[in-house]
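For reference, the chains in residue letters:
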Amino acid sequence: MPRSVSSIAACIIMAVALLIIGRPAVGETNATAWVDGHNSRARLLFGGRPGPDGEIERFAGIEIVLPPGWKTYWRQPGSAGGIPPALDWSGSANLTNAVLHFPPPSRFVDSTGHTIGYKKSVVLPVRLKVTDPTRPVDFDLKIFFGVCREICIPAEASFRTTINPRQFMHWPPALSQAVDSLPVSTVNSSQDPLVPTVQRIIPVARSDGDRALLVDVRFPGGTSGADLFAERGDGMGLAMTEAVERPATDVIRFRLPVTSAAEWAKLGETGIVLTIVSDRAASTVRRPRP
């Protein structure tokens, strides 16, 4: 057999082998059964893929589906209030850590005010750190979250399942899409031309003591769906931003009010975390208060 033909044959055999290894065994799936709650249903997805260092990145994904008109919350629920998601994985075995991540949220405005979150459905990725990758993970997860149409209602779902190592070789499409949509750090985004970036932050103060930050954000992929959400560097929420100007075609200036002198001083200690979203890309950046 010519060398080129034998090389192609070897590649085909290797590819087929990887597909077989990565496929769950008969009777195994990469999703739990649905858990029905009050105007919501949830299930757990799980899978993995090679990371930049060649090690397998292991994830679970909490998929929440809501009826029309209902929503659930981002990690900061917004000025109208709400219940952000929280995890309890303390009953799990062979699991060192589980960190919840959030896809880009949307802003909703109604008679109660502004809320930040998701409608219809969302997959919340949970990055897993396994103690021994060669052993199964006994996953015992409880998630607490809020659902809302007009009034926020507490909801919860519990999952108990065993995940075998080979199941982390499979990457469910819904989980893949959720992980790929996560806001990227602008520190590591130089190779992505669509990632929105902060151009400058301008402190402003009025004679009556009112303070605010003006944040100029460039959206190279277009401003459709553009928004900005702000938090303190210690994880506490801040007031909702407002788009006030457009200094350039692809730049929006947002005004972030600072509600008190004490909060202004606190921002000097913690800095500010900005999550920037658009229909094309999302990013996150941490900056000191000017």
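These numbers were taken from a predicted model, which means no experiment stands behind them. (Residues numbered from 1 in each chain as written. Predicted model: local features only at pLDDT ≥ 70, side-chain atom pairs only at ≥ 80, totals over all residues. Heavy atoms only, no water.)

J.: Even after reading the chapter, I still don't get the overall build of the protein chain, so can you show me in this structure?
T.: Helix and strand content of the protein chain: three helices and 19 strands. Put simply, the protein chain has 290 residues, and 41% of those count as buried. The long-range share in the protein chain, meaning contacts at least 24 apart out of those at least 6 apart in sequence, stands at 66%. When the accessible surface of the protein chain is totalled, it reaches about 15000 Å², and 54% of it is carbon and sulfur. (Helix = DSSP H or I, 4+ residues; strand = E, 2+ residues; numbered from the N terminus. Buried < 20%, exposed > 50% of the residue type's maximum accessible area, 1.4 Å probe, protein only. Contact = heavy atoms within 4.5 Å. Areas by Shrake-Rupley, 256 points an atom, 1.4 Å probe, with all protein chains shown as cover.)

J.: Would you mind showing me how to read the pairing of strand 16 (residues 242–248) here?
T.: Along a regular strand, successive side chains alternate from one face of the sheet to the other. Examined bridge by bridge, strand 16 and strand 17 (residues 251–258) share four bridges and lie antiparallel to one another. The partner of Glu245 across the bridge, within strand 17, is Arg253. As consecutive antiparallel partners, strand 16 and strand 17 are separated by two residues. (Pairing = 2+ DSSP bridges.)

J.: Sorry, what's going on with the packing of aromatic side chains here?
T.: How two aromatic rings sit relative to each other is set out by the distance from centre to centre and by the angle between their planes. All told, the structure shown has two aromatic pairs when counted by the stated rule. Ring geometry for Trp74 versus Phe229: centroids 5.7 Å apart, planes at 50°, classification tilted. Note that Trp74 is positioned in the loop between strand 4 (71–73) and strand 5 (86–88) and Phe229 in strand 15 (residues 227–232), a separation of 155 residues in sequence. For the pair formed by Trp74 and Phe229, the shared burial category is buried. For Arg58, the ring lying beneath its charged end belongs to Phe168, and the centroid distance is 5.6 Å. Here the basic side chain of Lys119 rests over the ring of Phe108, its NZ or CZ set 4.8 Å away from the ring centre. (Phe/Tyr/Trp six-rings, centres within 6.5 Å; stacked < 30°, edge-to-face > 60°. Lys NZ or Arg CZ within 6 Å of the ring centre and 35° of its normal.)

J.: What is the right way to read the sheet that holds strand 13 (residues 197–205) from this model?
T.: Hydrogen bonding along the main chain pairs the strands of a sheet, whether they run parallel or antiparallel. Taken in spatial order, the four strands of this open sheet run 13-14-17-16, and their pairing is antiparallel. In this open sheet, the two strands that pair with only one neighbour each are strand 13 and strand 16. Strand-to-strand, the axes of this sheet are offset by a mean angle of 25°, without reference to chain direction. In this sheet, strand 14 (residues 211–218) lies alongside strand 13 in antiparallel orientation, the contact comprising eight bridges. The partner of Thr197 across the bridge, within strand 14, is Arg218. (Axes fitted to C-alpha atoms, helices over the stretch in contact; angles between N-to-C directions.)

J.: It is not clear to me how helix 2 (residues 173–180) should be interpreted in this structure. Could you clarify?
T.: Every α-helix carries 3.6 residues per turn, so stepping three or four residues along brings you back to the same face. Every buried residue of helix 2 is listed here: Leu175, Ser176, Ala178 and Val179. In an axial view of helix 2, the angular spread of the buried residues amounts to 165°, which keeps them on one side of the axis. Projecting away from the buried face of helix 2 at angles above 90 degrees are the exposed residues Pro173 and Gln177. Where helix 2 is buried, its residues contact strand 2 (40–50), strand 3 (56–65) and strand 9 (121–130). (Arc of directions from axis to C-beta.)

Any functional reading would require information beyond the geometric quantities listed.
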